[in-house]
Amino acid sequence: MQLSLFDSRPPFSEPSEPPESPVVVARGPRAAEALLLGGIEALLDEAARDPALLALPVRIVVPSRSLREHVAAALAARRGRGAAGVVVQTLHGLACEVLARSGEAAPRGRHLFDLLAQRFARLEPALSRPLDGLVDGYGAVAGSVRDLLDAGLTAEHAEAAEEALAAGGQRASRAAIDRARALVRVAARVDRAAERLPIGRVSHLFRRAVERLAADPDAALSARALWVHGFADATGVATDLLARLLRRPGARLVLDRPPDPGRPGAAEGAFTERLSQALAPGARLDAPPPLPALATEGRSTASPALFMAPGAEAEAREVAVRIGALLDSGAIAERIGVVARDLSPYRRALR
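Residues numbered from 1 in each chain as written. Predicted model: local features only at pLDDT ≥ 70, side-chain atom pairs only at ≥ 80, totals over all residues. Heavy atoms only, no water.

(A) Here's a closer look at the pairing of strand β1 (residues 23-26). A two-sided burial pattern is seen for β1, the buried positions comprising Val 23 and Val 25 on one face and Val 24 and Ala 26 on the other. The sheet contact formed by β1 and strand β5 (residues 251-256) spans four bridges and is parallel. Along β5, the bridge assignment pairs Val 24 with Val 254. (Buried < 20%, exposed > 50% of the residue type's maximum accessible area, 1.4 Å probe, protein only. Helix = DSSP H or I, 4+ residues; strand = E, 2+ residues; numbered from the N terminus. Pairing = 2+ DSSP bridges.)

Following this line, the structure appears as structure tokens:
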């Protein structure tokens with residue numbers, strides 16, 4: 001990110017209107033999906049009137065493969081047929097395509113990063129002293145290094161980051177600051193080593209995609225329109241890539257600001273505020289209309305049901321029984337979800 005120290009506006013100028021925002025706001029996931037599908041439907045109607053528009057695809061960018069499959073299925077179900085000229089892809093897949101169109105291979109060897117992080121961490125006394133005696137103690141270092149690189153830290157940022165940490169002496173102990181500075185140095189060394197080998201993680205992939213899009217956006221990615229859907233937050237490098245995509249003409253981000261359960265009729269915006277300000281700083285976001293009554297489509301209103309089970313095996317069995325009942329009643333398997341804070345204790349039982 002580059003910051004300018006000069007203001008080109010004339011002195012004492014009147015404040016200008018906030019820029020038009022590429023962010024459109026919806027209240028809740030169903031409203032966000034309906035807004036997305038309505039926008040895509042309008043674009044498909046344009047292509048039906050003018051087939052030449054199919055030369056450039058309409059792109060829908062989502063954060064995960066599961067959401068990509070869901071959006072594709074929802075679009076086909078809404079139309080009752082296929083949709084020509086629409087590409088639904090993850091942000092990772094889009095970044096890979098950008099590099100491929102530029103004649104560059106996607107970074108490989110991401111599994112080597114943990115090994116490099118642990119090797120460089122052993123050279124830092126502030127980290128090796130507390131971690132050498134622990135079993136897999138350096139695993140925590142690898143995770144922190146991944147987080148720093150995903151946040152956008154590069155070797156060029158290391159010196160400034162260390163100075164900022166050193167200036168925060170009143171907020172943490174000296175030992176904690178020394179460990180934090182050591183982690184920054186380790187991340188910087190890993191970043192330099194990645195360039196020499198060369199290897200890369202998803203952070204390097206996104207960074208290279210941003211550079212390619214900045215150099216030649218039309219050659220790096222063709223699109224008639226681009227919709228970003230399903231993101232509530234993103235890492236630093238992912239946010240940079242999303243921001244670059246939203247600079248394209250016809251680009252839109254569907255931002256879900258779900259209803260505030262404590263204030264009926266109001267939206268909860270605190271969780272998505274960071275992402276919206278990072279992607280559209282200073283822009284005026286269109287306020288969503290008041291929430292309509294939830295359409296039940298002929299079904300009774302859903303209500304949560306609670307059950308208790310004596311252990312993970314019994315809990316997994318009851319979940320399986322309930323899923324079986326849903327399947328027997330005609331539910332589509334892909335529309336059944338199992339949500340847990342951590343599925344690890346249940347994985348074997350569920351299988």
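(B) Just the sheet that holds strand β4 (residues 225-229), in detail. The five strands are arranged β1-β5-β4-β2-β3 in an open sheet whose pairing can be described as parallel. Here the strands that pair on one side only, and so sit at the sheet edges, are β1 and β3 (86-90). Neighbour to neighbour, the strand axes of the sheet diverge by 20° on average, direction disregarded. Against the sheet, helix α2 (residues 65-79) engages β2 (58-62), β3 and β4, with an angle of about 160° to β3. (Axes fitted to C-alpha atoms, helices over the stretch in contact; angles between N-to-C directions. Contact = heavy atoms within 4.5 Å.)

(C) Layout of helix α13 (residues 312-328). In a regular helix each residue adds 1.5 Å, so 17 residues correspond to 24 Å; α13 covers 24 Å between its end C-alpha atoms and thus fits that length. A positive backbone phi angle near 105° is found at Gly 330, which sits one or two residues after α13. (Expected span 1.5 Å × (residues − 1).)

(D) Quick peek at the packing of helix α3 (residues 91-101) against helix α11 (residues 236-245). Direction vectors running N to C along α3 and α11 enclose 70°, while the axes themselves pass 12 Å from each other. Classified by the angle between their axes, α3 and α11 sit roughly perpendicular to one another. Judged by the twist between their axes, the crossing of α3 over α11 is left-handed. In this structure, α3 uses Leu 91, Leu 94 and Ala 95 to contact α11, whose residues at the interface are Ala 238, Leu 241, Leu 242 and Leu 245. (Parallel < 35°, antiparallel > 145°, perpendicular 65-115°, else oblique. Left-handed = near helix turned anticlockwise from the far one by under 90°.)

(E) Looking closely at the packing of aromatic side chains. This model, assessed by the stated rule, comprises zero aromatic pairs. Taking NZ or CZ as reference, Arg 122 lies 4.4 Å from the ring centre of Tyr 138, over its face. (Phe/Tyr/Trp six-rings, centres within 6.5 Å; stacked < 30°, edge-to-face > 60°. Lys NZ or Arg CZ within 6 Å of the ring centre and 35° of its normal.)

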